[in-house]
Amino acid sequence: MTNENTATMDGWMAEAINGGNLGVVDDLAHSDYVYRNPTDELRGPEAIKGLFAAYRAAFPHFYVEVDDRVATGDRMVQAFTITGTHEGEFLGIPATRRKIRVHGIVMSRFEDGKIVEEWEVIDQLAFLQQLGVES
């Protein structure tokens, strides 16, 4: 199952997140998909498409690089680095034109070859500091 999950995640990262091709979300996310971070919980493929679209609108060259990955059974954990330039409103913050480089980690669970749950934590303080809205 790990090879199938790796292929699913590779498509998720390359196409949906880095490529901005939200159409693949329906193929790669389970209909019961749940995304969690410290402040939010999103349910369903349409909700995660909205989050990806918001990032892409605010950071047109938004890119996530996988720094490390561990997979076993139906789980995968990835350490990653987000980069981009803040060119549109995000979380109520007007465009600052500042570049960001933020680290994070996500744990994904797979079911039937699709991503069904994710728990993500990014360095939100560094993110806000790099945008110049937090000291």
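Everything quoted here is computed from the prediction, not taken from an experiment. For every chain, the first residue of the written sequence is number 1, and numbering continues from 1 onward in sequence order. Only residues with pLDDT of at least 70 are given local features in this predicted model, and only at 80 or more are side-chain atom pairs given and counted; all residues enter the totals for whole chains, interfaces and linings. Side-chain descriptors were evaluated using all non-hydrogen atoms of the structure, hydrogens and water having been removed beforehand.

Caption draft 1: Focus on the overall build of the chain. By definition, any uninterrupted DSSP run of H or I lasting at least four residues is a helix, any uninterrupted run of E lasting at least two residues is a strand, and each is numbered from the N terminus. Helix and strand content of the chain: four helices and six strands. Seen in sequence order, the chain has helices and strands lined up from the N terminus as α-α-β-β-α-β-β-β-β-α. The C-alpha radius of gyration computed for the chain amounts to 15 Å, which stays within 12% of the reference 14 Å derived for 135 residues, consistent with globular compactness. Taking the principal axes of the C-alpha coordinates as reference, the chain spans close to 45 × 25 × 25 Å. When the 135 residues of the chain are sorted by exposure, 41% land in the buried category. Looking at the chain alone, contacts between residues at least 24 apart form 55% of all its contacts between residues at least 6 apart. Carbon and sulfur atoms make up 51% of the accessible area of the chain, which totals about 7,000 Å². All tallies of charge rest on Lys and Arg as positive and Asp and Glu as negative; His and the ends of each chain are not included. Charge positions come from single atoms, namely NZ of Lys, CZ of Arg, CG of Asp or CD of Glu. Of note, the chain has its 12 positive side-chain charges centred 4 Å away from the centre of its 22 negative side-chain charges. Here the globule rule reads 2.2 Å times residues to the power 0.38, and the radius of gyration is calculated from C-alpha atoms. Each residue is placed in one exposure class: buried if its accessible area under a 1.4 Å probe, protein chains only, is under 20% of its type's maximum, exposed if it is over 50%, and partly exposed if it falls in between. In what follows, a contact means two residues having at least one pair of non-hydrogen atoms within 4.5 Å. Exposure was quantified through the Shrake-Rupley algorithm and a 1.4 Å probe, taking into account, for residues, occlusion by the shown protein chains and nothing else.

Caption draft 2: Quick peek at the sheet that holds strand β3 (residues 63-72). With mixed pairing, six strands are arranged side by side in an open sheet as β2-β1-β6-β5-β4-β3. What marks the edges here is a single partner per strand, and that holds for β2 (41-43) and β3. The mean inter-strand angle of the sheet, taken between neighbouring strand axes irrespective of direction, is 20°. As paired strands, strand β1 (residues 29-36) and β2 are joined by three bridges and run antiparallel to one another. Across the sheet, the residue bridging to Arg-36 is Glu-41, located in β2. Orientation is described by lines fitted to C-alpha atoms, with helices fitted over the stretch in contact, and by angles between N-to-C directions that extend from 0 to 180 degrees. Each of β1, β3, β4 (75-85), β5 (99-111) and β6 (114-122) touches helix α1 (residues 2-17); the most contacted strand, β3, lies at about 170° to it. The pairing criterion is simple: DSSP has to find at least two bridges between the two strands.

Caption draft 3: Broad picture of the pattern of salt bridges. Whenever a carboxyl oxygen of Asp or Glu lies within 4 Å of a side-chain nitrogen of Lys or Arg, that contact is scored as a salt bridge. All chains considered together, the criterion is met by nine salt bridges. In this structure, Asp-10 and Arg-69 form a salt bridge, with 2.9 Å as the shortest nitrogen-oxygen distance. Linking Asp-10 in helix α1 with Arg-69 in strand β3, this pair joins segments that are 59 residues apart in sequence. Across the pair Arg-109 and Glu-111 runs a salt bridge whose closest N-O atoms are separated by 3.4 Å. Arg-109 sits in the buried class, given a relative accessible area of 15%. Relative accessible area serves as the criterion here: at 30%, Glu-111 is assigned to the partly exposed category. Residues joined by salt bridges that share partners form a network here, namely Arg-36, Glu-41, Arg-43, Arg-109, Glu-111 and Glu-117.

Caption draft 4: Quick peek at the pairing of β6. The pairing of β1 with β6 spans four bridges and is classified as parallel. Within the sheet, the bridge partner assigned to Val-34 lies in β6 and is Glu-117. The pairing of β5 with β6 spans eight bridges and is classified as antiparallel. Following the sheet pairing, Phe-110 is matched in β6 by Ile-115. The hairpin formed by β5 and β6 contains two residues between the paired strands, and Asp-112 there has a positive phi angle of roughly 55°.

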